[in-house]
Amino acid sequence: MNRVEFGAYIGELKLLNTRKANLKNQLYSVENQIEEMFTKIKPFLDKFNEHNASYPLTFERTEEKYETSHENAARLSNVLKKTLRQESFYGGASSINIFSLWFEDHSKLPEIDTDNYERVRLRKYHSGDILDSGDPFYWIELRKVSGNTVKKKRFNIWYRYLPFFLSNGYLEPVIRAENYDEYESKKALDAYFEIANWMNTRDAKPFVAIDYVRQAFLSEDKSIRVTLDSDIKYYSIPESITGKNFDLSKFGFLGKEDISIIKFKYSSTLPPEIAALKEGLSAPRSKIRNALNLLEKRSPKKS
C-alpha cells in the first residue's frame with residue numbers, strides 16, 4: 001500500500017466515523033422523543049388499565065384445553081362467575097376479540113408440531129372486526145409448549161410501532177421508553193432479544209391468523225385462570241403485511257369453528273369445584289392444524 005492509498009483509506013475511515021457519530025446523535029434524539037411521547041400518554045393508559053386485565057411478561061404454568069358446544073360454554077361461563085372473578089379487559093369489557101398472527105419457518109409447516117413446540121405470535125386485543133380498536137398495544141410473545149407445560153416470554157409495543165416489528169426493525173429504544181420500571185424493562189428486553197433471535201435464525205414468517213372472542217376468569221391469587229373462546233375464525237395471510245394494511249379485511253377468511261374452547265391455566269392445584277368442570281368435555285382440536293387444513297383445501301392442486 002502506498003501513501004496515496006493509505007491516505008484514501010484514512011479519509012474513508014474518518015467519514016465513516018463521522019456518519020456513525022451522526023447516527024448515534026439521531027438515535028439519541030429519537031429515544032428522547034419516544035420517552036417524551038410515552039410520558040404524555042402514560043396517565044391515559046394508567047386510567048384505562050387500572051381495573052383491566054394485566055399480563056405478566058414471563059411465566060410458566062400448566063394449560064389444559066378442551067372443546068365444548070356453545071350452549072355448554074354459556075353454562076360454564078355462568079358457573080365460573082360464581083367461583084372465580086371475571087376479568088375485565090381494556091375499557092372494562094367483560095369479553096374481548098383476540099387476533100393472533102402466528103410465525104414459523106415455512107419449511108416446517110407440512111409436518112408442524114402442535115404438542116411440543118416453540119413458536120412466536122403477535123396478538124391484538126380489539127373490538128368487533130376492527131383491529132385498530134380497543135387496547136392500543138400489540139403483544140409479541142414466544143410460546144414454548146411441552147405437553148401441558150407452557151412457558152411464555154413477551155413484550156408489547158404501541159400500535160404506531162407495529163411497522164418496525166413487521167419489517168424486522170430495531171425496537172430496543174421503544175421497549176426501553178415504554179417500560180419505565182427497571183425490572184420490567186429488563187424482562188421486556190430479554191423477551192425482545194430472544195424473540196428477535198428466534199425469528200432471525202429460523203427466517204420465521206407469518207403463516208396463519210386466528211381471531212376469536214374471549215372471556216376469562218381468575219382466582220384471587222391469580223394462580224388459576226380459565227378462558228372461554230368462541231366465534232373462532234381462521235384467516236390466510238396477505239402477500240405482504242405492513243402497518244398500513246394490517247386490517248382484518250386484508251386477511252383472507254378461511255372458515256370458522258362450530259365449537260367453543262375452554263382452557264384451564266394454573267400454577268397451583270385446581271380446587272375440586274374447578275377440576276369438576278372438565279368432566280364430559282372433549283379432547284381439543286388444534287386451532288393451528290385446523291387453519292392449515294383449511295389453507296390446504298384453498299390452495300390450487302398441483303398437477
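Values in this document were obtained by computation on a predicted structure and should not be read as measured data. All residue numbers refer to positions counted from 1 along the written sequence of the respective chain. Local features are withheld for residues below a pLDDT of 70 in this predicted model, meaning they are given only at 70 or higher, and side-chain atom pairs are given and counted only at 80 or more; totals for whole chains, interfaces and linings count all residues. By convention in this description, side-chain values take in all heavy atoms of the structure and omit both hydrogens and water.

A. Fine view of the side chain of Arg119. For the purposes of this entry, the term helix denotes a DSSP run of H or I that reaches at least four residues, the term strand denotes a run of E that reaches at least two, and both are numbered from the N terminus. Structurally, Arg119 can be placed in strand 4 (residues 116–126). The class of Arg119 is buried, set by a relative accessible area of 2%. From its side chain, Arg119 meets the backbone oxygen of Asp113 in a polar contact 2.9 Å long. Not counting residues within four places of it along the chain, the set of residues in contact with Arg119 comprises Trp102, Phe103, Glu104, Ile112, Asp113, Glu141, Leu142, Arg143, Trp198, Phe207 and Ile288. Buried residues are those whose accessible area, probed at 1.4 Å on protein chains only, stays under 20% of the maximum for their type, while exposed residues exceed 50% and partly exposed ones sit between those limits. Pairing of N or O atoms within 3.5 Å defines a polar contact, subject to two protein rules: one partner must be a possible hydrogen donor and the other a possible acceptor, and residues neighboring in sequence count only if both atoms are side-chain atoms. Residue contacts are defined here by distance: any two heavy atoms, one from each residue, within 4.5 Å place the two residues in contact.

B. Looking closely at helix 5 (residues 182–202). With 21 residues, helix 5 should cover 30 Å at 1.5 Å per step; its first-to-last C-alpha distance of 30 Å lies within 8% of that length. When we look at burial in helix 5, the residues that qualify are Ser185, Ala188, Leu189, Ala191, Tyr192, Ile195, Ala196, Trp198 and Met199. Buried residues along helix 5 sit against strand 3 (96–104), strand 4, strand 5 (137–146), strand 6 (149–158), helix 3 (162–166) and helix 4 (172–178). Asp203 sits one or two positions beyond helix 5 and adopts a positive phi of about 50°. Helix span is expected to be 1.5 Å times the residue number reduced by one.

C. Just the pairing of strand 4, in detail. Extensive coverage of strand 4 is indicated by the burial of nine of its eleven residues. Paired strands, as defined in this entry, are two strands with at least two bridges between them according to DSSP. Pairing geometry for strand 3 and strand 4, over seven bridges, is antiparallel. Bridged to Asn97 within strand 4 is His126. Sheet topology note: the strand 4/strand 5 ladder contains nine bridges and is antiparallel. From the neighbouring strand, Asn116 faces strand 5, where its bridge partner is Ser146.

D. Molecular detail of the pattern of salt bridges. By salt bridge we mean one thing: a side-chain nitrogen of Lys or Arg within 4 Å of a carboxyl oxygen of Asp or Glu. A full pass over the atoms with the stated rule returns 20 salt bridges. Residue Arg225 pairs with Glu87 through a salt bridge whose shortest N-O separation is 2.6 Å. Placement of Arg225 in strand 8 (residues 224–236) and of Glu87 in the loop between strand 2 (85–86) and strand 3 is noted, with a sequence separation of 138 residues between them. Lys187 is paired through a salt bridge with Glu184; the nearest N and O atoms lie 3.3 Å apart. Taken together, the residues span about one helical turn, with Lys187 and Glu184 both in helix 5 at a distance of three residues. One network of salt bridges, with partners in common, ties together Arg61, Glu63, Arg143 and Lys263.

E. Layout of the nonpolar core. Throughout this description, the term nonpolar core refers to a set of buried Ala, Val, Leu, Ile, Met, Phe, Trp, Tyr and Cys residues connected via side-chain atoms within 4.5 Å. One finds Leu101, Leu122, Phe155 and Phe246 to be the most contacted residues of the largest nonpolar core, which totals 62 residues. A total of eight residues in this core trace back to one element, the largest contributor, which is helix 5. Not counting chain neighbours up to four residues away, the residues in contact with Leu101 comprise Val120, Arg121, Leu122, Pro206, Val208, Ala209, Ile237, Ile241, Phe246 and Phe251. By size, the runner-up hydrophobic cluster in this structure holds 16 residues, among which are Leu76, Leu84, Phe217 and Val226.

F. Fine view of the packing of aromatic side chains. Put simply, two rings from Phe, Tyr or Trp (the six-membered ring, in Trp's case) pair if the centres are within 6.5 Å, and we call them stacked under 30 degrees between planes, edge-to-face over 60, tilted for the rest. For the coordinates displayed, the defined rule picks out 13 aromatic pairs. Counting every residue linked through ring pairs, the aromatic cluster contains Phe99, Tyr138, Phe246 and Phe251. Looking at Lys278, its charged tip hangs above the ring of Phe264, at a distance of 6.0 Å from the centre. The criterion for a charge sitting over a ring is simple: Lys NZ or Arg CZ within 6 Å of the ring centre, and within 35 degrees of the ring normal. In this arrangement the basic side chain of Lys287 is found over the ring face of Tyr212, its NZ or CZ atom lying 3.8 Å from the centre.

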